[in-house]
Amino acid sequence: MLFNSYLFILVFLPITIFVFFQLSRFNYEKLPVVWLVFASLFYYGWWNPVYLLLIISSMFVNYFLGNFLLFRFNDNAAGKNYLLYLGVILNLALLGYFKYANFFFDTINIISSHTLYLNRIILPLGISFFTFEQIAYLVDSYRGDSKKYSFWHYSAFVTFFPQLIAGPIAHHKEIIPQLNTKSIFKFSYNSFSIGLTIFIIGLFKKVMIADKLAIFATPVFDSAELGYSLTFFESWIGILAYTFQIYFDFSGYSDMAVGLAKLLGIHLPFNFNSPYKAKSIIDFWRRWHITLSRFLRDYLYIPLGGNRNGHFSRYKNLMITMLLGGLWHGAGWTFVAWGFLHGLYLVINNLWRNLKKLINYKSTSTQLKNIISTNITFLCVIIAWVFFRAESFQGAITILKGMIGINGIVFPYYYELKF
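Treat the numbers as computed from the prediction; the structure is a model and nothing was measured. (Residues numbered from 1 in each chain as written. Predicted model: local features only at pLDDT ≥ 70, side-chain atom pairs only at ≥ 80, totals over all residues. Heavy atoms only, no water.)

**Student:** How should the overall build of the chain be read in this particular structure?
**Tutor:** A count of helical and extended segments in the chain gives 16 helices and 0 strands. Its C-alpha atoms give the chain a radius of gyration of 23 Å, within 12% of the compact-globule value 22 Å for 419 residues. Overall size of the chain, expressed as C-alpha extent along the three principal axes, is 70 × 60 × 55 Å. When each of the 419 residues of the chain is scored for burial, the buried share is 50%. Summarising the internal contacts of the chain: among those between residues at least 6 apart in sequence, 74% fall at separations of at least 24. (Helix = DSSP H or I, 4+ residues; strand = E, 2+ residues; numbered from the N terminus. Rg over C-alpha atoms; globule rule 2.2 N^0.38 Å. Buried < 20%, exposed > 50% of the residue type's maximum accessible area, 1.4 Å probe, protein only. Contact = heavy atoms within 4.5 Å.)

Written as structure tokens, this is what we have:
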């Protein structure tokens, strides 16, 4: 049930909102939250009811592990550490099985020329998002940074349908306290109108821009995978179309999620801030998929050591973080390559900043410098998107060859003027 489907917009959403606010009139503390959980589970189970058992089991396990970490191991540091490790391993094992098992077997077969066989595993919707959110909850419980939540409030946070499938990656401190606020259970025309506006903007981005751009991007990348040589213009048309397609698709869905939550009086964090205007890769990652960047920083980069142990340690941790961030996006070596490129970009960006400090270089911001730095950043992002979109390294190399004009700079025949 996609956000842009008639069934969602005309049936599921109106019923969910109407019942939510009607129940709020009787019991603002519990009934509307319980309804939100069941409505979200219905939404999730619409695609495949079998996976309801998966997400419900995951919620139960993480909720009780979080409570044990908060209240049962105050004087037992070793036990607390082991319990956290157990919780993180269980979550990563679940994600690893469904998302990476086939990838692992395929890689082993390629390297060893064996024929190990594993039935194709269907990836449950949203598993990457609700896994990360619950790992963050466990880590915060370990640190003492979370609170005692009711199971229904915790379940509403994990299953909240606007952000369950495609994010943003919400934090428990952002969502659960709102569910304890009386004001969200009172229907607000102001909140509803704002939410509807944001939802329509996101819907327009997705349907009228992203889906239209796919018409230009898909044939180019399909041709690359089939081994066709692509000309300069064909390659650039394909990658530029995809560059804007993925932005409008992803930011469109994020905007729809923010808008849908606002219809219910709940605030979700915005996920994009004009990333293609970034003047550096560091700036890009402060603007692109902001909630993922925040998670990778707080729960991977900083625990790895961040920049606390010198420049080399910082560069190593940046590279590890981005490699794993690339693998999180998809089970394929092209995603790892995408992560590697962004890790390399970030290392170079930090090296450049350190060099300027070393030589005491005082840079002044001018319009020309801003234009140059923005375009260099944009070009680097485009090159990385080639690997992100391509299904194989061969397909990516074919696109890159076309982009630098190896196969000629010929305007596609279907765009030529007919006389």
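**Student:** In this structure, what is going on with the nonpolar core? I would like to understand it.
**Tutor:** Nonpolar side chains in soluble globular proteins generally cluster together in the buried interior. Judged by nonpolar contacts, the single largest core of 73 residues is most densely connected at F3, F8, Y154, F161, L264, I266 and L268. No other element matches the 9 residues that helix 5 (residues 127-143) contributes to this core. Among all residues touching Y154, those that are not within four sequence positions of it are M59, N62, Y63, Q134, Y137 and I176. Among the nonpolar cores identified, the runner-up in size contains 43 residues, and Y247, I281, Y301 and L341 belong to it. (Core = buried A, V, L, I, M, F, W, Y, C linked by side-chain atoms within 4.5 Å.)

**Student:** Is there a simple way to think about the environment of A337 in this case?
**Tutor:** Locating A337 in the fold gives a position in helix 14 (residues 333-358). Taking the C-alpha atoms as reference points, A337 and W385, 48 residues apart in sequence, are found 10.0 Å from one another. Those residues within four positions of A337 in sequence are excluded, and the remaining contacts are F387 and F393.

**Student:** Before we go on, may I ask you to explain the packing of helix 13 (residues 311-329) against helix 14 in this structure?
**Tutor:** A packed helix pair is summarised by two numbers, namely the angle formed by the two axes and the spacing between the axes. Contact geometry of helix 13 with helix 14 gives a least axis separation of 7 Å together with a crossing angle of 155°. Considering the angle they form, helix 13 stands roughly antiparallel to helix 14. In terms of crossing hand, the pair formed by helix 13 and helix 14 is right-handed. When grouped by side-chain class, the residues that make up the contact of helix 13 with helix 14 number 14 nonpolar, 9 polar and 1 charged. (Axes fitted to C-alpha atoms, helices over the stretch in contact; angles between N-to-C directions. Parallel < 35°, antiparallel > 145°, perpendicular 65-115°, else oblique. Left-handed = near helix turned anticlockwise from the far one by under 90°. Nonpolar A, V, L, I, M, F, W, Y, C, P; charged D, E, K, R; others polar.)

**Student:** Help me understand empty space enclosed by the protein, please; the structure alone is not making it clear to me.
**Tutor:** To find the voids left in a structure, one rolls a probe of water-molecule size over its atoms. Inspection of the entire model under this criterion finds 1 cavity of 30 Å³ or more. Its boundaries defined by the atoms lining it, the largest cavity holds a volume of some 60 Å³. Lining of the largest cavity is provided by F132, E133, A136, I169, A170, H171, T291, R294, F295 and Y299. For the lining of the largest cavity, the secondary-structure elements that each account for two or more residues are helix 5 and helix 12 (290-304). Top element by residues in the lining of the largest cavity is helix 12. It accounts for 4 residues. Counted by class, the lining of the largest cavity contains 6 nonpolar, 2 polar and 2 charged residues. (1 Å grid on protein atoms, 1.4 Å probe; cavity = no way out; pocket = protein on both sides within 12 Å on 5 of 7 lines; lining within 4 Å. Points joined across faces, edges and corners; volume = space filled by probe spheres on them.)

**Student:** Hey, could you run me through the side chain of S191 in this one?
**Tutor:** One can find S191 in helix 9 (residues 189-225). With a relative accessible area of 12%, S191 lands in the buried category. In contact with S191, other than residues within four places in its own chain, are K262 and G265.

**Student:** How should helix 6 (residues 151-159) be read in this particular structure?
**Tutor:** Structurally, the α-helix is built with 3.6 residues per turn, so residues lying three or four positions apart point the same way. Among the 9 residues of helix 6, 8 are classified as buried, and the element is accordingly described as predominantly covered. Of the positions making up helix 6, those classed as buried are F151, H153, Y154, S155, A156, F157, V158 and T159. Those residues of helix 6 that are buried lie in contact with helix 2 (31-45), helix 3 (52-71), helix 5, helix 7 (161-164) and helix 8 (172-179).

**Student:** Sorry, what's going on with the pattern of salt bridges here?
**Tutor:** Any two side chains of opposite charge can pair, so long as their charged atoms come close to each other. For the coordinates displayed, the defined rule picks out 7 salt bridges. Between D211 and K206 there is a salt bridge, with the nearest N and O atoms lying 3.1 Å from each other. When its relative accessible area of 30% is taken as the criterion, D211 is described as partly exposed. The salt bridge partner of D283 is R287, with a shortest N-O separation of 3.2 Å. Judged by relative accessible area, which is 18%, D283 ranks as buried. Taken together, the shared-partner salt bridges connect K206, D211 and D249 into one network. (Salt bridge = Lys/Arg side-chain N within 4 Å of Asp/Glu carboxyl O.)

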